[in-house]
Each structure stands twice: as structure tokens, then as C-alpha cells.
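# Fold and geometry: a report
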Amino acid sequence: MTAFLIRRLGFAVVTLFAVLTLVFVLVRIVPGDPAQVILGDQASQEAIMALREKLGLNRPIHAQYLTFISGALVGDWGTSMVTGRPVIQEVLNVLPWTIELTLISLVIGIVIGVPLGIAAAVKRNRFTDYAARIASLLGLSFPPFVSALLLLLGFAILLPWFPVISARSGSATAWFQSITLPAINLGLITAAYITRVTRSAMLEVLQEDYVRTARAKGVPINAVIIRHALRNALIPVITIVGLYLGILIGNSVLTEIVFSRPGLGKLIVGALNQRDYTMLQGMMVIYTLVVVVVNLATDIAYGVADPRVKLK
Amino acid sequence: MKRKLSLGLAVAACFIAGSAFAQKKTLVIGMGSADAGKLDPHLASTTPDKGLLNYIFNGLVRIKPGQASPDFIEPDLAESWTSNKDGTEWTFKIRAGVECHHGYGPFTAADAAYSITRASNKATSNYSGDFRAVDKVEAVDATTLKITLKNPVAGFLGYVSNINGGNMVCKKAAEEMGDGFGKKPVGTGPFEFAEYQPQQFVKLKAHKKYFRGAPQLEEITYRYIPADSSRDLAFQSGELDMIYGKQDQTWVDRTSKLPGVVVKAMEPGEMSALYLNVTSKPLDDIRVRQAIAHAIDRKAIVVFKGAGTSREAVSVVPSGYLGTDEKAPLYPYDVAKAKALLAEAGYKDGVTVKTIHTTLTGMQTLIEAVQAQLKKAGINLEIELVEHATFHAQIRKGLSPIVHYQAARFPVADVYLTQFYDSNSIVGKPTAITNFTFCDIADSEIRAARVEQDAAKQKMLWKTAQEKLVKNVCGIPIYEQLQLWAWKANLDLGYDLVGSLNLSPPITEKTRFKN
């Protein structure tokens, strides 16, 4: 286990380094000038050049790279070029909002998706299966901002149960009110995804010999499904959930925007539009870290789900 | 679960009912951006930041709330002012009894002098260029400020009014906080900064010691809601009292139908114009430029954009500015003439011209309409769409032979003419601003008008400059887009709103909710 962790951490460092370099280059290849964005459209060329100097954008590219990498190594990601606020602080300000939304919608996705997937597999080619498949197809093909607007129209305007601006805090009621619609919006999409994966994994396992044997020796059907089939079908489901968690954080941006919630996605899009190099770099470091950690957690989860998997 | 939910509903209902009876003292504004930028008045460059800072700061003078023209300049922190005959020495009498926010003490001439010096300094201000002519700023005594200019400046009072570099900061606070001033801006206006929540809101509290009297409102929450539809819904549900509108006619039509709502299209108009690079082929042939000008139907564009929210452009300077030639000799819509001109120039079978264009929705629909109009005259406009920041970078490298630009400026002809048509402003030069046309034909008039003290002569110079630029087709003015806002009918702004130079309606000490 320890050797496994060390090896994986080694990989993580290499990945992180590669991503940092890539991001550093990419943000600079994209046309557009942060100094110009900051100064607005009435700025003179002189003022723009002066600001570029001040921001260190006129320094040789390798010098900028060294500053960036050495800063990143000691955890200093600089300050946002646009707002002047420290990158780490900007990220930490909104990170809890994103984590909260992602985790809750993931739970909703699992709670709905796994049982629905099982039901669809067991009742293959019958009404339940068709219903589940149509529902999940709908969930996957529906753009999240459309479903978000529909939820707001339905449950904030027609039935004024929830606020449109879903970013309240303070009391438990306020929190519940502001997380419900965004979490349902993202959760339903996740559920659609998980339903499909669970269904296909279960279908495969249900055809295995040991399932037939278990049924033949008289194990009750529910016990076969839960104990024999599901346990084995979980491995691909975990893989997908792990991968999806990374995507989910990125996908949350549209949900964040429509529900007016703070979040990482919104921060990335804003930084991109403004060519905020330092901000983008800092965000990518964090995003990569999250994906690396999630993947590691997924690998560990394999071991828990399947005793045959040894973490070497 | 059901019980919990209904309990929550009951609580919410009580809350809503309660607030309906008491007089509302908090104004919630929904702005169309994702987050606050720089909340330092000398650095802020975006409409959302400028709008908010307007509630916090004063100028030496101000444009009367609700107006958008320097004709309405009135005293603000300075009660009176005088200047010498040639306009190079200005003396301001600073009002006594003005208090800075957060207990930073009285505002005196020393603060005003510090503020102008700060706004003139490249390191602390993005508006230092506006104060290039400033030679000396002195606080003669606590209530007297003297500004000496190297040369006269057209519309100088505009630069010390309550916008951009003219906003007066409190010296002690600005020195104490240094670079951090934008985190807690300290001014003298009716509202003081209270709280910032990233990507959510800025909260302002009433400045009880405001020199015009304590504000009627107790609090302003300035919310950042980038999605147009979410802002509309939150306005509809009552979570917002005032919103920045989606800038098109359908929004106006839809929002006007809501009960108890005021929708306003206010000044200034942002003028859309095409800027033609007169040194690039085939635009170096004036007949090709004239053909393009003749092929654009401004009337049809206004019908397309909505008559209530837009109007035809009148000159290369937007209408209503000091010095605008309201009857500039714009080329009339005439497709046959356009075709004849093209044929004369040797493009019998049509001509292809190119523009690099932003994906900003409002601007994109306009250029597509123009493209369709030009097609009728045999002019094929190739549009290369790029994202907004890329657009700004590329047009400033002179990469786009035709630039479509939409802007409002301080309403003095000099500002527009200097930025868009003075040859010093040609993109690529060290002094560049936004001259995409490479035209220099009106330089002498623009520069002479800048220092001319005789108002009538100055006007004539500006008129000549505009005529030259129009005739030579350096720029093709198209239409002007007004600023769209909506608010609850029970909100009394406390003044008549015609317009606002920073594009957001001012909130003053008199703004209140009617019972």
C-alpha cells in the first residue's frame, strides 16, 4: 500500500509538472493581452506597455517560467493580474461552493442512478428498462443550462419555493433553499450517467455462470442481485464515477452561472475571458490536483470493492 | 420532510409579508458581470465597477444626477471655481464640512490635491493620460485648491467631475492602504463600502454624515449576476429591485409587460461605426469606401435593433456631444450609386473586404445585418469571428482592414475625435489609442480645437473635422445603442433620469422606496 501510494504520488508530481508547463505556454499562445483588458478600451499604447512592464510580461519567457514554477513549488501562485487579489485566496473563496455542489449532486446521482440501473438490467427489455433508458438518454442530452432555467421557472417563479439567486448562507433553511435546485439540476445529469453505466455493468454480470448457479441453488433473487451481481458490477461504476467527478467540477460552470452561485468554473471562465495568466495558472494547478487526488481515491476504492485488487 | 418544508415555507412567507409592511430600506441591484474587478476609482475601467464606485465617490464638480452632458455640470466637493482668461489656472473652493467614510476625517483641499496627483500618476492610475496637461496642483489652504495647466484643455471641468480620474479619494485612507485601496475604497459619497463576497455581491451602507444629508436608503447590495435570464428571473421573483437589461429590444418588450416595473432606455448612446483602414487594399480607393457607405441603410438597422432603444448615428461623433455636427454630410443609402462607384473603381463583379469581429452578441447581430446589406451592392464582407479579448488585441495590431467598434465617451467631441481620428492615436504607434483608420486628414482641426478658447471657433473647427472625416469615409457611423435598465415602480430615484455617463443610473441620498 505504501509503495503504491509513493509510486502514484510520483506520477502525480510528473503530471502536475507537465500540466503546469502546458498551461503556462497555452495561456500565452492565445491572442489577447491582459494589460489591455485591465486598462479598458480607452487606454493608450504607452499605458499598456507600462502595465506590461509592471506585470512582468515584458520579461524573457524563460524568466517568467522560472518565476512561475518556483512560485508554484512553494505554494505561491501570485496575485490575479486583473483584480490584484491573491490567486489562492480567490480560489479558496469559492472552492467550498463548488465542492458542496459537486458532492451533493454526486450523492443524488448515485442514490437515483444505481437503483435505476439495477432495475433496468433486471427487467431488461421490459417497461422499467425502457423508461429508465429514455429518462437517462434525456438527462444526458439535455443542456444543463436549459434544465436549470426550467427548474428556476418552475420552482422559483411559478411555485415560489426557492430563490432564483441560489447563493444564500447563514441559516440551515437558507442553505437548503439555495443548494436544492442546483444540486438537483446537476444530480439528475449525473444520475442519467450512472444509470447507464450501472445497467450495462449489471447486464454483463447477470449473465455470468455464478449468478445462474446461485439462483439454481435457491438463493433469493434479491440476495443474488445485491450480494452476487452488484458487488461485481461496482468496479466499472466506481471507475466512471471517479472520472466523472473531475468532469463534474468542470461541468458545474453552467449550473453555477444560471443559479448565480460562486464557483471554480465561473472563476476559470472569467480568468480566461480576461487573459488573467496568473489566475489561470493557479486554477489549473488546483484543478489538476483535484483530478489526481480523485483518481487516487478511485484506485483505493477498487480495493475496498474487490478484495482481489491488491494495491501494489 | 413534508412538515419541514411547509415550516420553511411558513417562515419564508412571514419574512416576505413582514418586509412588505415596513418601508424597504435596502436596494438590491443586479449587474451583468461575474464579479467585481478593481474597486479603485482611478483604476476601474469596466461599466460594472464604474457604476458602483459612483455611489461611493464625489468629484470636484459633478454632472447633475440623471444627466449625461457637461451642460449640466454643477458643484460637488467644490462649491465654486474660477479660471484665468486662457484657462490654464483653475481655483476651486472646497466645501467645508465634508466627511470621509469610515471615520477618516474631514475632506480638505489637501485631499483633493492628493487625489488629482494620484490620478495623474501612471503607477496608481489608469487615467493619467487625462491629466497630461496638469503642471501643478496645490492646496493653498484647507478650502482652496489651485490647478495650473501647461496648456488649455477643452472641457477641463469634465476631468475633475465624478467619473474616472476625477473621483476624489481621501488621502489618509489611500496612503494607509496603498495598493489595497481597491479592497476597501474610501470616499465621501452617499454610500460607504461595507462588504465584498466574491462572485456574489458588494454591500454598501449609508454614509450618515454625507454632506448633502443622510441617505434615505440604508443599504445597497450590488449583486453580480452574469446570466441575462437569471437576472430577469430574479427581478421577476422580487429578489432584485433594479437590473441591468439585456441590451436588445425583445428584452424591453418582455420586461415592460411585467407589472409594477419601469423600463428605461437612457443616454448615452454607444455608437456603432465601421472604421476603414484607408491604407489597405482595396479600401485605399475612396470609391470603394464610398460604395460601402452608400450600401449601408441606417434606417433599416434602427428598425432591426428596435426604435425604442436605438437611433441613427448622425456623424463620426455620437449625437448630443459638445461639438457634434448633428447635420454631418453622411452618405445616403443608395445601392445603385454604390454599384456604380465599385464599377468605376474596377470592381464590376463585386469586391471582397474583411473584418475581424468579436463574438459579443449585440455587435455580432449588427455586423451580420451590415453584411447582408453590403451583399446587395456586390460587396462581400468576410467576417472572421474571434473571442472578445482576441478581437481587442488583433484590431490594435492593425490586422483588421475594417473594424466594427461600439463606444460611448466623455461627451465632448474632442475625446472621440482624438481617440478615433487623431494620427497620434493610430494603432501600432507608441501613442496609439483607437485610430484604426490610419486617417490623419483632420489632425490640424482636431488639435487646434483642443486648445481653442473661443467656443464658437472651437465648434467650427470640430465641424470641419467631422465633415472631412465623413467625406473621406474614414469612419462610417451606423447607429447608437441606448443603455437599458429596469427597476421596480415603487423605487423613487429622486431625480429625473435622462442618462448617466458611467452607463448606470446614479443612486443618491434622495433615492428611496415609496410606501
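What you see is a predicted model; the values in this text were computed from it and never measured.

Conventions and cut-offs
- Residues numbered from 1 in each chain as written.
- Chains lettered and ligands numbered in written order.
- Predicted model: local features only at pLDDT ≥ 70, side-chain atom pairs only at ≥ 80, totals over all residues.
- Heavy atoms only, no water.
- Helix = DSSP H or I, 4+ residues; strand = E, 2+ residues; numbered from the N terminus.
- Contact = heavy atoms within 4.5 Å.
- Areas by Shrake-Rupley, 256 points an atom, 1.4 Å probe, with all protein chains shown as cover.
- Lys, Arg positive; Asp, Glu negative; His and termini not counted.
- Charge placed at Lys NZ, Arg CZ, Asp CG, Glu CD.
- Patch = residues over 30% accessible without salt bridge, like charges linked within 9 Å, V, L, I, M, F, W, Y side chains within 5 Å.
- Salt bridge = Lys/Arg side-chain N within 4 Å of Asp/Glu carboxyl O.
- Buried < 20%, exposed > 50% of the residue type's maximum accessible area, 1.4 Å probe, protein only.
- Domains from an automatic or database assignment.
- Buried area = accessible area lost by both parts, 1.4 Å probe.
- Disulfide = S-S within 2.5 Å.
- Polar contact = N/O pair within 3.5 Å; in protein donor to acceptor, adjacent residues only side chain to side chain.
- Pairing = 2+ DSSP bridges.
- Axes fitted to C-alpha atoms, helices over the stretch in contact; angles between N-to-C directions.

So, on to the overall build of chain A. Within chain A one finds 12 helices and 0 strands. Traced from its N-terminal end to its C-terminal end, chain A shows the element sequence α-α-α-α-α-α-α-α-α-α-α-α. Projecting the C-alpha coordinates of chain A onto the three principal axes gives extents of approximately 85 × 55 × 35 Å. The long-range fraction of contacts in chain A, counting pairs at least 24 apart against all pairs at least 6 apart in sequence, stands at 73%. When the accessible area of chain A is evaluated, it comes to approximately 15,000 Å², of which 71% is carbon and sulfur surface. For chain A, the distance from the average site of its 25 positive side-chain charges to the average site of its 15 negative ones is 14 Å.

We now examine a nonpolar patch on the surface. Residues and elements named next belong to chain A. Together, Y130, I134, L138, F142, L150 and L153 line one region of the surface with nonpolar side chains, adding up to about 570 Å² of accessible area. For the nonpolar patch, the secondary structure elements donating two or more residues are α6 (127-141) and α7 (144-158). With 3 residues, the top contributor of residues to the nonpolar patch is α6. Looking at where I134 falls in the secondary structure, it is placed in helix α6. Note on I134: relative accessible area 55%, which makes it exposed.

Glancing now at the domain arrangement of chain B. Residue and element names in this part refer to chain B. Examined at the domain level, chain B breaks down into domain 1 (26-260 + 489-513) and domain 2 (266-482). Computed from C-alpha coordinates alone, the two centres of domain 1 and domain 2 are separated by 31 Å. Carbon and sulfur atoms supply 69% of the area buried between domain 1 and domain 2, which totals about 1,600 Å² over both sides. Interface area lost by domain 1 to domain 2 is led by A154, Q249 and L503, which between them contribute 29%.

Before going further, it helps to examine the state of the cysteines. Residues and elements named next belong to chain B. Here the structure, examined in full by the defined rule, presents 2 disulfides over all chains. Between C100 and C170 runs a disulfide, and the two sulfur atoms are separated by 2.0 Å. Across the disulfide from C100 to C170, rotation about the S-S bond amounts to roughly -95°, and the bridge is consequently left-handed. With C100 in the loop between β5 (89-94) and α3 (109-120) and C170 in the loop between α4 (156-159) and α5 (171-177), this residue pair connects regions lying 70 residues apart in the sequence. Per residue, the accessibility class of C100 equals that of C170, and both read buried. Bridging C439 to C474, the disulfide has an S-S length of 1.9 Å. The S-S bond linking C439 to C474 shows a torsion near -85°; that makes this disulfide left-handed. Residue C439 is located in the loop between α13 (413-421) and α14 (443-451), and its partner C474 is located in the loop between α15 (455-471) and β17 (475-488); the two are separated by 35 residues in the primary sequence. Each member of the pair C439 and C474 is classed as buried. For chain B, numbering the cysteines in disulfides from first to last along the sequence yields the connectivity 1-2, 3-4.

The next subject is the interface of chain A and chain B. With 48 residues of chain A in contact, the opposing surface of chain B contributes 47 residues. Both sides of the chain A and chain B interface together cover about 3,800 Å² of buried area, and 56% of this is carbon and sulfur. The interface formed by chain A and chain B holds 1 salt bridge in total. A salt bridge links E387(B) to R275(A); the nearest nitrogen and oxygen atoms lie 2.6 Å apart. Counting every contact that joins chain A to chain B gives 12 residue pairs in polar contact (both at pLDDT 80 or more). Residue assignment for the side of chain A that touches chain B shows that the elements contributing at least two residues are α2 (34-39), α3 (45-55), α5 (87-122), α7, α8 (172-206), α10 (221-258) and α11 (264-273) of chain A. The leading source of residues in the side of chain A that touches chain B is α7(A), at 5 residues.

Another point: the pairing of strand β12 (residues 261-276) of chain B. Residue and element names in this part refer to chain B. Examined bridge by bridge, β12 and β17 share 12 bridges and lie antiparallel to one another. Bridged to M271 within β17 is E480. Two elements, β12 and strand β16 (residues 402-407), share 6 bridges in a ladder whose sense is antiparallel. Bridged to S272 within β16 is Q406.

Moving on, we get to the sheet that holds β5(B). All names here are of chain B. If you trace the 4 strands from one edge of the open sheet to the other, you get β4-β5-β7-β6, paired in antiparallel fashion. Each having just a single partner strand, β4 (78-83) and β6 (134-141) make up the two edges of the open sheet. When strand polarity is set aside, the average angle formed by the axes of neighbouring strands in this sheet is 20°. Two strands pair when backbone bridges link them, and β6 and strand β7 (residues 144-149) are joined in this way by 6 bridges, in the antiparallel orientation. Residue pairing across strands places V137 opposite I147, the latter belonging to β7. Together, β5, β6 and β7 form the strand contacts of α3, whose direction differs from that of β6 by roughly 165°.

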